Structures are given as C-alpha cells and as structure tokens.
Amino acid sequence: MDRRKFIKHTAVATASTTILNFPIYGKNAPSNKAVVAVMGVNSRGAYHAKSFSKLPNVEVAYLCDVEDKAIKNGLDAVKDASRQPAIIKDIRELVTKKDFDALLIAAPDHWHAPAALLGVANGKHVYVEKPCGQNPYESEMLVQARDKYGKLIQVGSQRRSFPTLIEAVQEVRAGAIGNPYFAKAWYTNSRKSIGIGKKVAVPSTLDFNLWQGPAPRQDYRDNLVHYNWHWFWNWGTGEACNNGNHEIDCCRWFMGVDFPSKVTSSGGRYAYKDDWQTPDTQVATFEFDNGKAITWEGRSCSSYPIDGSGRGFIIYGDKGTLVNKGGGDYQIYDDKNKLVKEIKPSTKLDPNNTISATGDLELTHFTNFVETIRENTKLTAPIEEGHKSVLLCHLANISQRTGSTLHCDTTNGHIKDNKAATQLWKREYEKGWEMRVS
C-alpha cells in the first residue's frame, strides 16, 4: 500500500472512533496530499521544485543533486515554501524513502530513464523530463516498467496539457483542415562554440562519479558541466531530443501517427569546430505507412526564425492548414489560405529559455500529473506516447550518425536490416549500472 492510500485507510479507520479536525475526503485531506522529490535541481529541476511547491496540497520533501551549487539553486527556489526539503545526493538512497509519492526527474539525459526505473521499481510515480530515454531501448523499457510496477510515468511533453492545443487537436480530428497529411516542425537558436575542453581536476563541489552514473566513464573536462553535456553522445542526445522532441511530439499528436516506416536525416556540426559532437544543423524526415509525413528542422547556431517564430509546427491538410508558433497559440487557415480562426498566445514565449520556454502554461501539465496521482483524471503525456515521440528523435540521430536511410517496423519502430544502425538502439552501461526490469 502506497503512502497516500495508507493515510486514507488509516484516516477512515480512525474516524470510526475519533472526531477529526480535518476533512477526510476534501481536496486538502491528508490522503489527497501529494509529496514529491526532485532529482536534478540546477535549472529546470529548480523550476519543478518551485512550481510544484505552489500547487494546492503539494509538498516538496526532497531535493537530489550531486553538485553543491545546484543544491543551493534548488533550495533557493523553495525558500518560501511551507516545507523545507531534505537533501539526498544519491538517487539510489532517495528512492528507498517511504514518505513521498512521486519522483520528478530533471537531471541530464543519461539519467532520465535509469532514475525513472529506480523510481517506479521502488513504488514511486514518476514525472520525467524529455527525452524519456538516452536511446530507444531505455524509453521502451520504461513502458515495460510502467506495466510491471503499476505506477504512473508522465513525460515532460507539456504541450499535451495546454487547453488550447487540446482544443486544436479536437478541431483537426473533427475535420477543420480536412485530412492532415504533412507536418513541419522547427527549432532555432544562436548557441555559441563550446571550445576545446581541457581535462582538469573535478571540482570539489561535484561528485562526478555519481553524475556520470550509468554512463561509461570519461575524464572530466572544463566545458561539460552544467549544460554542454547535451552535445556529447555519452551523456546527451543533441538538439533533436533536447528541443525538437516538443514540436515533433505535437506533429505526431495532431497527425494521429505512431511508428514510422522510413527515416532520413541530413546535417552535421557546421557552425564551429570544437568538441560539440551532435548536429547543430539537422533536417529529418519521418514517413508513415498511411500516407503521412513529418519533417523537423533544427538550427542550434542560427536563430533566424521560420514564420516569425524561433520554434513551432505547421499541420497541412487537404482542406486547410494549422499553424502553431511554439506556445498555446494556433491559427487555422482554409484551403485558400484565408484565416478562419486565431487563438493568440496567453503568455509570452521565450523559445530559447532553457528553464521554461512557455512559462506558467506548464503548470497545467504539472497539475495533470498531480491530479492523476489523486485519481481525478488521466495523464495527458503517458510514457507510451513519450516513447513513440522520442523514438522519432532518436531515429533521426541514428540515421544522421550512420549516414543511412532507416526502414522501420511500423508496429514498434524497430530498425530493419541495418546492423550499424541497430547497434545504436541501446548504449553500453558502466559496469554495475545496467538497466533491467527485474
């Protein structure tokens, strides 16, 4: 019995003999309190801690990080909260604690799936930021873990909780633009060179062994922590999984497609010559058996916008077009390109904000997770949907790295007849850190 059900059961039993001073079934009842822990609190995780602590009847009980400055950032984020969280640096110790309900994961990409697996295996619901795996094997394993352990896994694809985009999907499904057959997504930024890193001593404030965790060990370098790990294959997943994931997910959602039949990708590290390994320029195409396709253009080092926005997506139908410019906004045009409906942004979009590009709109997604824990609704971005979307991003990277066109099994997205590409379906793990659904 989990913590919340235990409290509810105990309260009901006690109520038979005692007059209690709190409502058992009200929204503020102890059995409705959601207690969370946050892993990775340097930037995005600190935002998690601050945002969740402000939700009704939610407490942040623990912060987990391996670097002292990050821990301070997390503590500063919740300094005004009614409860001050405890600090536990090792996620393996944290998940054994019995006094919280859910684990929120905003650590580097190589930790997302391993931490999520540790969470559900120890009876915790999980909110995991995108990408929900460092490779296809990991997110696929999380679907299996969800089924085995019976815990919720919500993916940080927050646009699926935006009320206006839910409305937009319903309109497309009802035929507002006819048959949606093609989608285009994009992301632009003006990231600078990360230079050539020097191997230096690990800072005394960082537990680099625990930071690397499941990743095979490499030497510390001075251009890695905190953010540049995104551009190294040993820890990160590139811009496709870092930002492309959001709009690619929206395209798949609006188009009603699952696994692709064919994937191609072109691009490379063009803007600078430095340690950056993943593409800074990438154009990927995903084809589906039902006569539909999606493209994504990523330009990490050229911020010139598309359709006036640094990020967004367009859904093309045979009777019209839907345009989104990165937030909760959308426009619908008829087949003669006449504007027939416009929903303007409710908050200002900052497409390059590494903490929160869409601001308070994200609270709808956090609320959805908490209300699903309370059994009042269903997840808008469950792990099976997160896996399908991030798989497209991974397949784009695999196509890019192998220089090959990928042909996929449309029932599960697995790569067919390509040994080099199939070897990138999963990663090597540091000995003793292997992922398993036991």
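This text goes with the structure placed above it.
Every value quoted in this text rests on a predicted model; they were computed, and no experiment measured them.

Judged by pairing direction, the sheet is parallel, and its six strands sit side by side in the order S3-S2-S1-S4-S5-S6 without closing on themselves. At either end of the open sheet lies a strand with only one pairing partner, and these are strand S3 (86-87) and strand S6 (153-155). For strand S1 (residues 34-39) and strand S2 (residues 58-64), the ladder comprises six bridges, and the chain directions are parallel. The residue of S2 that forms the bridge with Ala37 is Tyr62. Strands in contact with helix H5 (residues 109-121) are S1, strand S4 (102-105), strand S5 (125-128) and S6; relative to S4, the strand with the most contacts, it is inclined by about 175°.

Overall, mixed pairing links the nine strands, which are arranged S14-S13-S12-S11-S7-S10-S9-S8-S15 in an open sheet. Looking at strand neighbours, the two that pair on one side only are strand S14 (339-343) and strand S15 (406-407), the edges of this open sheet. Pairing between strand S7 (residues 180-188) and strand S11 (residues 311-317): seven bridges, direction antiparallel. Each bridged residue has a counterpart across the sheet, and for Tyr187 the counterpart in S11 is Arg311. Lying on the sheet, helix H7 (residues 163-173) is in contact with S7, strand S12 (320-324), strand S13 (330-334) and S14; it crosses S13 at an angle near 20°. Packing of helix H11 (residues 383-402) onto the sheet brings it into contact with strand S8 (262-268), strand S9 (281-288) and S15, and relative to S8 it is tilted by some 60°.

Of all five residues that make up S12, five are buried, and the element is covered over most of its length. Side chains of S12 alternate between two faces, with Gly320, Leu322 and Asn324 and Thr321 and Val323 buried alike. Bridge analysis of S11 against S12 gives five bridges, and the strand direction is antiparallel. Residue pairing across strands places Phe313 opposite Asn324, the latter belonging to S12. With four bridges joining them, S12 and S13 adopt antiparallel strand pairing. Within the sheet, the bridge partner assigned to Val323 lies in S13 and is Gln331. The hairpin turn running from S12 into S13, its antiparallel successor, is five residues long, and Gly326 in that turn takes a positive phi close to 105°.

To continue, consider the pattern of salt bridges. All chains considered together, the criterion is met by 26 salt bridges. For Arg44, the salt bridge is made with Glu129, and the minimal N-O distance between the two is 2.8 Å. Here Glu129 lies in the loop between S5 and helix H6 (136-149) and Arg44 lies in helix H2 (residues 44-53), a separation of 85 residues in the sequence. The same class applies to Arg44 and to Glu129, which are both buried. Across the salt bridge formed by Glu247 and Arg311, the nearest N and O atoms sit 2.9 Å from each other. Highlighted residues: Glu247 in helix H9 (residues 238-255) and Arg311 in strand S11, separated in sequence by 64 residues.

So, on to the state of the cysteines. This structure, assessed with the given rule, holds zero disulfides. Here Cys250 is not cross-linked by a disulfide; its sulfur's nearest cysteine counterpart is in Cys251, at 7.1 Å.

Reading guide: rules and limits
- Residues numbered from 1 in each chain as written.
- Predicted model: local features only at pLDDT ≥ 70, side-chain atom pairs only at ≥ 80, totals over all residues.
- Heavy atoms only, no water.
- Pairing = 2+ DSSP bridges.
- Helix = DSSP H or I, 4+ residues; strand = E, 2+ residues; numbered from the N terminus.
- Contact = heavy atoms within 4.5 Å.
- Axes fitted to C-alpha atoms, helices over the stretch in contact; angles between N-to-C directions.
- Buried < 20%, exposed > 50% of the residue type's maximum accessible area, 1.4 Å probe, protein only.
- Salt bridge = Lys/Arg side-chain N within 4 Å of Asp/Glu carboxyl O.
- Disulfide = S-S within 2.5 Å.

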